[in-house]
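# Fold and contact review
Now for the letters of each chain:
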Amino acid sequence: MKEAEDPYNMGEIVMPLRAFINDPLAHEIIHNGATFQVTGLTNNSCLAESQEIRRCVRVHPLLGKYILHVAKKRLERMLYVGLTEYHKESATMFAEVVGAQVLSQLQVLASQPEEAANNGTESGSLINDPEIEDSSHQQMTVGRLMEAYEQCISSLRKSQSVRRTSSLKKISPANFTKEARLHVPDSIIQQILSFNSLDVELYKHAQKIFSEQRELFMLRISEKNPAILTFRIRLFSPSPRDVTFGNN
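What this report covers is the structure whose coordinates are included nearby. (Residues numbered from 1 in each chain as written. Predicted model: local features only at pLDDT ≥ 70, side-chain atom pairs only at ≥ 80, totals over all residues. Heavy atoms only, no water.)

## Concerning the layout of surface pockets
The method is simple in principle: a probe with the dimensions of a water molecule rolls over the atoms, and the space it marks as empty is what remains. Of the voids in this model, the largest pocket is the one considered here, and its volume is about 310 Å³. Lining the largest pocket we find 14 residues, and of these Asn-32, Val-57, Pro-61, Phe-195 and Ser-197 sit closest to its centre. At the level of elements, helix H4 (50-59), helix H5 (64-77), helix H12 (186-195) and helix H13 (197-224) are the ones that each hand at least two residues to the lining of the largest pocket. Estimates place the volume of the second largest pocket at around 250 Å³. Along its surface, the second largest pocket is lined by 15 residues, and Ala-34, Asp-199, Leu-202, Tyr-203 and Ala-206 are the ones closest to its centre. Counting only elements with at least two residues in the lining of the second largest pocket, the list comes to helix H3 (33-38) and H13. Of the residues forming the lining of the second largest pocket, the biggest block, five residues, is contributed by H13. Within the lining of the second largest pocket, the residues separate by chemical class into ten nonpolar, three polar and two charged. (1 Å grid on protein atoms, 1.4 Å probe; cavity = no way out; pocket = protein on both sides within 12 Å on 5 of 7 lines; lining within 4 Å. Points joined across faces, edges and corners; volume = space filled by probe spheres on them. Helix = DSSP H or I, 4+ residues; strand = E, 2+ residues; numbered from the N terminus. Nonpolar A, V, L, I, M, F, W, Y, C, P; charged D, E, K, R; others polar.)

## Regarding helix H10 (residues 142-170)
Between its first and last C-alpha, H10 extends 42 Å over 29 residues, near the 42 Å set by a 1.5 Å rise per residue. Among the residues of H10, Met-146, Tyr-149, Ile-153 and Leu-168 are the ones counted as buried. (Expected span 1.5 Å × (residues − 1). Buried < 20%, exposed > 50% of the residue type's maximum accessible area, 1.4 Å probe, protein only.)

## A word on unusual backbone geometry
Omega for the peptide link from Ser-172 to Pro-173 comes to 15 degrees, which places this bond in the cis form. Structurally, Pro-173 can be placed in the loop between H10 and helix H11 (178-181). Non-glycine residue Asn-32 carries a positive phi angle of around 60 degrees. Relative to the assigned elements, Asn-32 resides in the loop between helix H2 (24-29) and H3.

## Considerations on the nonpolar core
A general tendency of soluble globular proteins is for nonpolar side chains to be buried together. Judged by nonpolar contacts, the single largest core of 20 residues is most densely connected at Leu-75 and Leu-202. Only H3, H5, helix H6 (87-111) and H13 provide two or more residues apiece to this core. No other element matches the seven residues that H13 contributes to this core. Ignoring sequence-local partners within four residues, the contact set of Leu-75 consists of Val-81, Leu-202, Ala-206 and Ile-209. Counting six residues, the second largest nonpolar core, distinct from the first, contains Leu-17, Ala-180, Val-184 and Ile-188. (Core = buried A, V, L, I, M, F, W, Y, C linked by side-chain atoms within 4.5 Å. Contact = heavy atoms within 4.5 Å.)

## Some remarks on the packing of aromatic side chains
Taken as a whole and assessed by the stated rule, the structure comprises three aromatic pairs. Between Tyr-80 and Phe-94 the ring centres are 5.6 Å apart and the planes differ by 65 degrees, which places this aromatic pair in the edge-to-face class. Here Phe-94 lies in helix H6 and Tyr-80 lies in the loop between H5 and H6, a separation of 14 residues in the sequence. A residue is classified by how much of its surface remains accessible, and Tyr-80, at 16% relative accessible area, is buried. Ring geometry for Tyr-86 against Phe-210: centres 5.7 Å apart, planes inclined by 15 degrees, an arrangement best described as stacked. (Phe/Tyr/Trp six-rings, centres within 6.5 Å; stacked < 30°, edge-to-face > 60°.)

## Observations regarding the side chain of Asp-6
On the secondary structure map, Asp-6 appears in the segment before helix H1 (17-21). Of the polar contacts made by the side chain of Asp-6, one reaches the backbone nitrogen of Tyr-8; its length is 3.0 Å. (Polar contact = N/O pair within 3.5 Å; in protein donor to acceptor, adjacent residues only side chain to side chain.)

Any functional reading would require information that these geometric values do not contain.
This is the structure:
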């Protein structure tokens with residue numbers, strides 16, 4: 001790609017990518033941002049020492065392994081871990097695993113309003129919540145939860161597309177397309193990976209956790225309702241024919 005057509009190197013219009021990733025502000029709040037966020041060490045952290053800890057990790061990268069260790073442990077203790085590139089699959093598992101638990105608890109609370117009110121507990125206050133009462137009357141289910149998600153995500157994607165188009169018009173002729181990303185020099189990509197080495201390792205750990213969650217979910221589905229297993233295989237496997245279930 002010619003330099004004049006490269007949106008990542010149009011210095012007169014936008015900051016070149018190489019300059020951006022080397023900018024002090026990027027090192028301060030962007031690189032390894034996910035790891036610092038999971039550990040509660042962001043620039044908005046309530047922990048007074050967070051800024052000094054981040055600075056120490058930048059100056060002494062070997063110390064990053066301790067931050068990464070804490071981040072991994074926190075991911076493992078989380079109720080659920082999803083992945084952006086498997087957005088729908090993540091939402092489906094979340095709804096059926098976590099959402100089902102929440103809806104079940106709400107149904108129990110809604111069926112015992114007098115007992116909760118008499119106890120004067122926090123549960124009593126939840127029963128009086130209009131949103132919970134409304135969901136109870138409508139008999140919210142995991143299926144309806146996913147229908148609401150589909151409507152919401154569809155609307156969100158449309159609005160994001162409109163905002164992206166509007167934003168790109170303001171910086172024309174710079175246009176950050178998939179094709180343009182393919183032409184980003186490998187040296188810059190390697191530099192980005194190096195600057196974000198903690199996030200790269202944390203992401204790999206998240207992939208492992210997600211894979212384990214998916215296996216457990218598939219097992220539960222197969223035991224609960226084998227008839228819909230084929231659909232689940234197609235939903236969660238990049239190559240459905242590589243996944244087989246059956247009695248040995």
